[in-house]
Structures are given as C-alpha cells and as structure tokens.
Amino acid sequence: MTSEQTPVLWPLIAGDGLPPTGAPMGYNVLSGGGFYCDPMGWVLDDAVPVTNPNVFIFGKPGRGKSALVKAFLLRMIRFGYRSLVLGDVKDEYEDICLALGVTPYRIGPGLPGRINPLDVGPLAVDWEAQDRAELHRRIQVITSRWLTLVRGLVGSQGVPFTPTEERVIHQVLQDLTGWTRAQTRLRDVTVPLVWAALDEPTDDLVRGCRYDSRRHFYDSTRPLRDALGALCEGSLKAMFDTESTYRPNWRAPIQSLSLRALREQGNEAALAIALMCLSSWGQGARELAAPGDRRIVLRDEAWMQTRLGIEAVKTLDANLRLSRTDGDIQLVTYHKPSDPLSAGDEGSQAVQIAKDLLNLADIRILMGQDAKVADELGGLLGLTPMQQQIVTGWAMQEKGRALWMVGDQRYKVQTLLTPLEQQLTYTNEAIAAAL
C-alpha cells in the first residue's frame, strides 16, 4: 500500500505533513517532524488546500499568541517578507523593531506624529507623465479607498451612509483633488477639508448632487457633517486631520505604528477609529507596490475595529478579499472565535458579515482556550470533539501549543522559540514588575 493508505488502515501513523517551505515554526507533535508556515507558497501549491494567504490567530491571553506572531514576522524576513504593523496598541512589537534597527512611529494626544488617512499615496507619483486613461484609473482607485474609509468613519457614529451621501462625498473628493478642474497635479485632501467643503458648499456641489437649494443641502447632510466634524474636534483631533509627517521606509524589514498613547486614554472607540484610519492609510501605501514586494500586514486586536459596526466590518472584509490581488499576507488576531460577532446585535447584517470573515482565511491557528469556548470551536469553526479537546486541554498545558487549520487539514503543533526570540517576545514585563 502507499504512504497515503497506511495511516487510514493503521491510525497510529501520522499522515503526510506540509512541504518544508517557508518559516520553521516548531514541530508536528503527531509525526515528530518539523512544521513550516508558508501562506503564499501554499496558495501556489495545488497539493495544499489553501486558496488565500490570510491567517487568523485565536488565543486566550497568555497562551503565546504574541510570541507566535513575532516569531513568524522575524522568520519570514529571510524569505524576503517585510512587515507592516497597522496599529500596535500595546507597543508589543517595539522590541523586535528596535532589534531590527527600526524606530516605531508614534501617534497620540500631544505627540507630533500625524497620519493623513486621505493621503493620495504612491499613485500620485509621476502623475503628470500618465495618459488620460491611466489617470482615470488611478483616481478611481484613490476615491474608492477614500469612500470606504469615510463610510466606515461616518457609520461608526451611527450615521447612515446611503448612496446619496456617497454621491456627495465622491463629488467633494474629486473637487478637492482638482480632478474635476483637470489639474495636472492632485491637491492633498484631509478630513477637515472635506468637512469644510460640506459646511460651505459651492453652487456647483449643490447642483451636481441634485439638491433644490442650499438649505435643502444643509438639512439633508447635517448628520454627515456632524459626524465628520466630531472626528476633527473630538479625541482624534491633531492626529488624522492634517498632512502626514510620516514617510515609511519600505526597504526596512518592519514598520510599526504605535497607538499606545491613545490606548492609555482608555477610549476604545477612539482607538478603534484610529485603527480604521491606519488601515486605509496602509492600503494606500501599498497601491503601487512593485511585483515581488512581499508584505505581511498585521491587524492586531482586530475586535476593536469590528465593534465599530457594519461599515468597519465591511472595511476589514474588503482587505481580506483583496489579499490575493495585493500580494499581502493579512495576519489578523483575536482572542476567541466569537470576537468578530460582537460587531452588532444577533442576527444583524454586521454580525453576518463578521461571521463570514472566518471563511476568508484558509489558515486558522487555534491556541489555548477555556473549556467554555468549546461550543464556539464546534459551531463557528467546525471542530470535532477531539479537536476541541486539543484546543481546550492540550494547548492550555503549555505556551505555544496550537491546532493549525490549513484548509481542511489539521495539525497539532508546538511552537519553538530561540533564546533570542524568547527575550524579544516576552510580554509579561508589567506583571513581573508588580511582584
């Protein structure tokens, strides 16, 4: 019989593992062989049941989730991957940044750092040298990204963003950039400029959006204007409302944007909105990436963003769906599988979309969970009782243990860290200092 038939007839023999390509993460407990992680390689290998490179990691705090993420980022450097940490809310990735010679960029109240989420980005490069067709393509990509962000920002405050509001914002954005006036160079756009354009609408804007009068425009767009105004005058003031002061070095092995100063305020809503802004900015920075520019985009503590509501969930949904097109590995972390479902009320559209997010990642890593999470593992991820026991039992007995779901295949893996990695991935400083 073949090696594929033997494990079926003699169940004590482990089946074939994944090909030894990519980052060595530890060892397969059942076979004793090394275990490697190669999301992009798996997509290209027809023998591996993976169609997208997205990775979801679930784990109870203290089970080694952060250490696993950091080890993966470090080990993929040797294969040409660079990492972008879009919002390090606890400065967990500062140590590995400094070890690699990179200083994390900090954003927060009282800090000088600024990120403009409506930055035109690299698509503005050589703008004057492009023909009309290419310029039209680029402006459509730029305004689509901006509309997605504004929809999420407005929706996070409970304000509907219907096709009517979309038409208004689309017209404002094209006016502000100078596209409607056929300018040879795009003008920089910021959220306050959009807000001001709505507060003092031009006659062309009122007519172009089919309003009967300026009063009709004011009455209809008041919720939209108030929502944008709150972003300019509230807890995010002076962080995302002016031109960017940060220019990433895409040649560096890692880039990290720290939000610890904002987190220390204790305002989760402001922190989640900041994560959404950074997500849009990061997407723009990748729009003109060269072929072969491999990037890992880390979305840590993603539950903060999805709790903003349906538009925030849609934004994350779009990022995951475009991973194959962008050539990025989207790495998303949650505490437990039900975290995305906190996006709204049970049965709501937001919850349904959030639930579908789990199907947009063919690679799911389940680290230790409490026994009460077993039902979630079965209902949301389809684990058998034996597989649930691995997560709630075996994986809880030692850090770094996880059940890896690679397509429809399951692997019982123990993560191994080098002494240097153990030092760089230690996250209990605050607890240890208190003893």
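Our subject is the structure listed above.
Residues numbered from 1 in each chain as written. Predicted model: local features only at pLDDT ≥ 70, side-chain atom pairs only at ≥ 80, totals over all residues. Heavy atoms only, no water.

A.B. asks: Mind showing me how you'd approach the packing of helix α13 (residues 310-321) against helix α15 (residues 349-357) here?
C.D. replies: Helix-helix packing is described using two parameters, namely the angle between the two axes and the distance between the axes. Two elements in contact, α13 and α15, have axes whose closest approach is 9 Å; the angle formed by their N-to-C orientations is 25°. In this view, α13 runs roughly parallel relative to α15, as classed from their interaxial angle. Read as a crossing pair, α13 and α15 show a hand that is left-handed. The residues of α15 that touch α13, namely those facing Ile-310, Val-313, Lys-314, Leu-316, Asp-317 and Leu-320, are Gln-349, Ala-350, Ile-353, Ala-354 and Leu-357. (Axes fitted to C-alpha atoms, helices over the stretch in contact; angles between N-to-C directions. Helix = DSSP H or I, 4+ residues; strand = E, 2+ residues; numbered from the N terminus. Parallel < 35°, antiparallel > 145°, perpendicular 65-115°, else oblique. Left-handed = near helix turned anticlockwise from the far one by under 90°. Contact = heavy atoms within 4.5 Å.)

A.B. asks: Looking at this structure, I do not really get the packing of helix α16 (residues 374-381) against helix α17 (residues 385-392). What am I missing?
C.D. replies: Their axes nearest at 9 Å, the elements α16 and α17 cross at an angle of 130°. Taken together, α16 and α17 sit at an angle that is classed as oblique. Remark: the crossing between α16 and α17 carries right-handed chirality. Along the contact surface, α16 presents Ala-374, Leu-377 and Gly-378, while α17 presents Gln-388, Val-391 and Thr-392. When the residues that make up the contact of α16 with α17 are grouped by side-chain class, the tally is 3 nonpolar, 3 polar and no charged. (Nonpolar A, V, L, I, M, F, W, Y, C, P; charged D, E, K, R; others polar.)

A.B. asks: Explain the packing of aromatic side chains here, please?
C.D. replies: Geometry of an aromatic ring pair is reported as the spacing of the ring centres plus the angle between the planes. Considering all chains together, one arrives at 10 aromatic pairs under this definition. Measuring from ring centre to ring centre gives 6.3 Å for Trp-127 and Trp-179, while their planes differ by 80°; the resulting arrangement is edge-to-face. Within this pair, whereas Trp-127 is found in the loop between β5 (105-106) and α5 (132-155), its partner Trp-179 is found in the loop between α6 (163-177) and α7 (191-199), the two being separated by 52 residues in sequence. According to the relative accessible area criterion, Trp-127 is buried, its value standing at 2%. Of the residues examined, Trp-179 reaches a relative accessible area of 10% and is grouped as buried. Here Tyr-246 and Trp-281 contribute two aromatic rings whose centre-to-centre distance is 5.6 Å and whose plane-to-plane angle is 35°, an arrangement assigned as tilted. Residue Tyr-246 is located in the loop between α9 (214-233) and β6 (254-258), and its partner Trp-281 is located in helix α11 (residues 268-285); the two are separated by 35 residues in the primary sequence. (Phe/Tyr/Trp six-rings, centres within 6.5 Å; stacked < 30°, edge-to-face > 60°. Buried < 20%, exposed > 50% of the residue type's maximum accessible area, 1.4 Å probe, protein only.)

A.B. asks: Please explain the pattern of salt bridges as it appears in this structure.
C.D. replies: Close approach of charged atoms allows side chains of opposite charge to pair. Under the defined criterion, the tally for this structure stands at 20 salt bridges. Where Glu-92 meets Lys-90, a salt bridge forms, and the shortest distance between an N and an O atom there is 3.7 Å. Owing to a relative accessible area of 12%, Glu-92 belongs among the buried residues under this scheme. Using a relative accessible area of 31% as the deciding quantity, one classes Lys-90 as partly exposed. (Salt bridge = Lys/Arg side-chain N within 4 Å of Asp/Glu carboxyl O.)

A.B. asks: Before we go on, may I ask you to explain the sheet that holds strand β10 (residues 401-406) in this structure?
C.D. replies: Consider a sheet: its strands pair through backbone hydrogen bonds, and that pairing is either parallel or antiparallel. Within the open sheet, the 11 strands sit side by side as β2-β1-β11-β10-β9-β3-β8-β7-β4-β6-β5. Their pairing is mixed. Strand pairing shows two members of the sheet lacking a second neighbour, β2 (34-37) and β5, which therefore form its edges. Pairing of β5 with β6, which is carried by 2 bridges, proceeds in the parallel orientation. Across the sheet, Arg-106 pairs through a bridge with Ser-258, a residue of β6. Contacts from α13 reach β3 (55-58), β7 (294-299) and β8 (328-334) within the one sheet, and its direction differs from that of β8 by about 140°. Seen against the sheet, α17 touches β9 (363-367), β10 and β11 (409-415) and runs at an angle of roughly 140° to β10. (Pairing = 2+ DSSP bridges.)

A.B. asks: How should the pairing of strand β4 (residues 81-88) be read in this particular structure?
C.D. replies: A regular strand places its side chains so that they alternate between the two faces of the sheet. The element β4 is largely enclosed, with a buried count of 8 among its 8 residues. The pairing of β4 with β7 spans 5 bridges and is parallel. Note that in β7 the partner of Ser-83 across the bridge is Ile-296. In this structure, β4 lies alongside β6, joined through 4 bridges in parallel fashion. Within β6, the position partnered with Val-85 by the bridge is Ser-256.

A.B. asks: Help me out: how do you make sense of the pairing of β10 in this one?
C.D. replies: The element β10 is extensively covered by neighbouring structure, given that 6 of its 6 residues are classed as buried. The alternating pattern of β10 places Arg-401, Leu-403 and Met-405 on one face and Ala-402, Trp-404 and Val-406 on the opposite face, and all of these are buried. Remark: 2 residues form the turn of the hairpin made by β10 and β11, two consecutive strands paired antiparallel; Gly-407 in that turn has positive phi of roughly 65°.

A.B. asks: How should I be thinking about α15 in this particular structure?
C.D. replies: Because the α-helix completes a turn every 3.6 residues, residues three or four places apart line up on one side. Within α15, burial applies to Ala-350, Val-351, Ile-353, Ala-354 and Leu-357. Relative to the axis of α15, the buried residues are bounded by an arc of 165° and lie together on one face. On the buried face of α15, the contacting elements are β3, α12 (303-306), α13 and β8. (Arc of directions from axis to C-beta.)

A.B. asks: I'm lost on the environment of Gln-174 in this one. Help?
C.D. replies: Note that Gln-174 resides in helix α6. By relative accessible area, Gln-174 is classed as buried at 10%. In this structure, the C-alpha to C-alpha distance between Gln-174 and Thr-143, residues 31 residues apart in sequence, is 7.7 Å. Excluding anything up to four places from it in sequence, Gln-174 contacts Ile-139, Gln-140, Thr-143, Trp-179 and Thr-180.

A.B. asks: Honestly, unusual backbone geometry in this entry has me stumped. Any pointers?
C.D. replies: The general pattern is negative phi for most residues beyond glycine and trans for most peptide bonds. Its identity is not glycine, yet Asp-126 carries a phi of approximately 55°, on the positive side. A positive phi is found at Glu-301, a non-glycine position, where the angle reads about 50°. Looking at where Glu-301 falls in the secondary structure, it is placed in the loop between β7 and α12. The buried category is assigned to Glu-301, whose relative accessible area is 5%.

A.B. asks: Can you walk me through the environment of Leu-149 in this structure?
C.D. replies: By the element assignment, Leu-149 lies in helix α5. Leu-149 gets classed as buried once you look at its relative accessible area, which sits at 2%. Among all residues touching Leu-149, those that are not within four sequence positions of it are Pro-117, Leu-118, Met-276, Cys-277 and Ser-280.

A.B. asks: Any chance you could explain the side chain of Asp-91 here in plain terms?
C.D. replies: Among the structural elements, Asp-91 can be located in the loop between β4 and α4 (94-99). What makes Asp-91 buried here is its relative accessible area of 12%. In this view, Asp-91 contacts Arg-106, Ser-258 and Arg-260; residues no more than four positions away in its chain are not counted.

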